[in-house]
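# Residue-level structural notes
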Amino acid sequence: MNSLQNITQLLLAEMPTAITLRCPLSIFSYWKIGGEASVLVEPKSIQQLQQAIKIINQFSDVPSMIVGDSSNLLFSDKGYHGVIIKIGNHLSKIEFSGDQVYCEAGVWVPELAYRSYRNALSGIEHICGIPGRLGGLIYMNGGSNRRGILENVESVQLVNTQGELETIEAKDLVHSYRTSPFQGDERIIAAATLKLNRADRATVRNDMRNILSSRRKKFPRKLPNCGSVFLSNPKMYDIIGPPGFAIEKVGLKGTRLGGAQISELHANFIVNLGSATSQEVLHLIALARKTVYDKTGFKMDCEVRYIAENGVITQAHVIADKL
Ligand SMILES: Cc1cc2nc3c(=O)[nH]c(=O)nc-3n(C[C@H](O)[C@H](O)[C@H](O)COP(=O)(O)OP(=O)(O)OC[C@H]3O[C@@H](n4cnc5c(N)ncnc54)[C@H](O)[C@@H]3O)c2cc1C
């Protein structure tokens, strides 16, 4: 029996209802792209997540990774030859206490925004309209209007590679635009405590409504996509503008390759017209990156991550550059 078969047997024995074998990644990935994952684990509690990690990490030759809603991920058409742990609704406890909120990593980001408003708490209005789970948002230090969720994080509870819990405090969380200390760290975000500010509920609601209505006008909503493909680069922003503007300026808005298209609404989005493959998306990324570089001298890096079938995770432009 090989290592993957061993892991599968152990996981099925320990947590049979949390396991799906040969799961098509296109079912849940936001881009609706991706082949099959050999094994998908959806832990029903933090304890079960710890148990799964203990089993998986006995076998170092099998790739494994953690995902939330895959709203920032491009999976290979060839699938994922290993174990994917998906953190979602089962780990979605939210507890408010004064101006603090404890959230498990599977809390749905729109739900967190809504519950903060209901509790008359301000500080994270900028996450309004962002899909995905809190774990993924913290990992990406996601947000909008040049803000990131880590500005409001007091502490993060992690599961380490031995399956034990660890806590990291805000003072040790060095972060910057879309960068968190968890990128390149094998530990898994299990929960976090956020610190918000008491505020007038109607004001919070108004601010959130304004953010939502501005997003609805700008971003494509009907076709599967993964949000902004390229990161904003402050130098390029000052001289040329944001990535969407630059891609539009070089004439690529609406460019189509097979089932993938640079959105006609917002050029920093690539949409799946129905049958897009990861190869087509990568080719469009390569085209936009090269054309903008040739015409402006600025190289745009990707926010979106590409997941290869052998488990290697990279910013998508790294793979696109090699095509
Ligand atoms: C329409 C649309 C609009 C978007 N708008 C924005 C926006 O305005 N601002 C913004 O910042 N983002 C935006 N995004 C991107 C994305 O929604 C966020 O980055 C989101 O928070 C990612 O959450 P997720 O659960 O989908 O993470 P995933 O895409 O599943 O994972 C992202 C990364 O986080 C890691 N990860 C996930 N969960 C954990 C965990 N528990 N522990 C450790 N690592 C983990 C994964 O391994 C992966 O590397 C948008 C996406 C879409 C589709």
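Residues numbered from 1 in each chain as written. Predicted model: local features only at pLDDT ≥ 70, side-chain atom pairs only at ≥ 80, totals over all residues. Heavy atoms only, no water.

An unreviewed UniProt entry lists the protein under the name UDP-N-acetylenolpyruvoylglucosamine reductase, from Paraglaciecola chathamensis. Taken directly from UniProt, the Sequence similarities (unreviewed entry) text for the protein runs: "Belongs to the MurB family." (UniProt positions renumbered as here; feature names shortened; annotations may be inferred.)

What helix α3 (residues 109-118) keeps buried is the set Val109, Leu112, Ala113, Ser116 and Tyr117. Here the buried residues of α3 occupy an arc of 135 degrees about the axis, which is enough to place them on one side. In this structure, the buried residues of α3 make contact with β6 (94-97), β7 (100-104), β8 (121-122), α4 (134-140), β11 (188-195) and α5 (201-218). Ala120 sits one or two residues past α3 and shows a positive phi near 55 degrees. (Buried < 20%, exposed > 50% of the residue type's maximum accessible area, 1.4 Å probe, protein only. Helix = DSSP H or I, 4+ residues; strand = E, 2+ residues; numbered from the N terminus. Arc of directions from axis to C-beta. Contact = heavy atoms within 4.5 Å.)

A few words on the pairing of β6. Bridge count for β6 against β7 is 4 bridges, and the pairing is antiparallel. Residue pairing in the sheet places Ser97 in a bridge with Gln100 of β7. Count of turn residues in the β6/β7 antiparallel hairpin: 2 residues, of which Gly98 carries a positive phi of about 60 degrees. (Pairing = 2+ DSSP bridges.)

The next subject is the sheet that holds strand β14 (residues 260-262). Pairing within the open sheet is antiparallel, and its 3 strands lie in the order β13-β14-β15. Each edge of the sheet is formed by a strand with only one pairing partner; in this case those strands are β13 (256-257) and β15 (270-272). Where β13 and β14 come together, 2 bridges link them in antiparallel fashion. The residue of β14 that forms the bridge with Arg256 is Gln261. Where helix α8 (residues 278-296) meets the sheet, its contacts fall on β13, β14 and β15, and the angle it forms with β14 comes to roughly 25 degrees. (Axes fitted to C-alpha atoms, helices over the stretch in contact; angles between N-to-C directions.)

Let's shift gears to the domain arrangement of the protein. Considered domain by domain, the protein is made up of domain 1 (3-86), domain 2 (90-217) and domain 3 (220-320). A straight line from the C-alpha centre of domain 1 to that of domain 2 covers 24 Å. Sorting the residues of domain 1 by area buried against domain 2 places Ile46, Gln50 and Asp69 first, and these three jointly supply 35% of that buried surface. In this assembly, domain 1 and domain 2 are joined by 1 salt bridge. A salt bridge links Arg133 to Asp69; its shortest N-O distance comes to 3.0 Å. On inspection of domain 1 and its partner domain 2, the count reaches 3 residue pairs in polar contact (both at pLDDT 80 or more). (Domains from an automatic or database assignment. Buried area = accessible area lost by both parts, 1.4 Å probe. Salt bridge = Lys/Arg side-chain N within 4 Å of Asp/Glu carboxyl O. Polar contact = N/O pair within 3.5 Å; in protein donor to acceptor, adjacent residues only side chain to side chain.)

Attention now moves to the site of the ligand. Near the ligand you find 31 residues, and of these Ile66, Gly68, Ser70, Ser71 and Gly143 are the closest. In the environment of the ligand, a nitrogen atom lies 3.4 Å from a nitrogen or oxygen atom belonging to the backbone of Gly136. About the coverage of the ligand: the protein hides 94% of its 970 Å² of free accessible area. The set of elements that each furnish at least two residues to the shell around the ligand consists of β3 (64-67), α4 and β11. If one sorts the elements of the shell around the ligand by residue count, α4 sits on top with 5 residues. Of the residues in the shell around the ligand, the class split is 14 nonpolar, 11 polar and 6 charged. (Near = heavy atom within 4 Å. Areas by Shrake-Rupley, 256 points an atom, 1.4 Å probe, with all protein chains shown as cover. Nonpolar A, V, L, I, M, F, W, Y, C, P; charged D, E, K, R; others polar.)

So, on to unusual backbone geometry. For residues other than glycine, phi is negative in most cases, and the peptide bonds are mostly trans. Residue Arg22 is not a glycine yet carries a positive backbone phi of 50 degrees. Mapped onto the elements, Arg22 comes out in strand β1 (residues 19-24). For Ser70, which is not a glycine, the phi torsion comes out positive at approximately 55 degrees. Tracing the backbone through its elements, the reader meets Ser70 in the loop between β3 and β4 (73-75).

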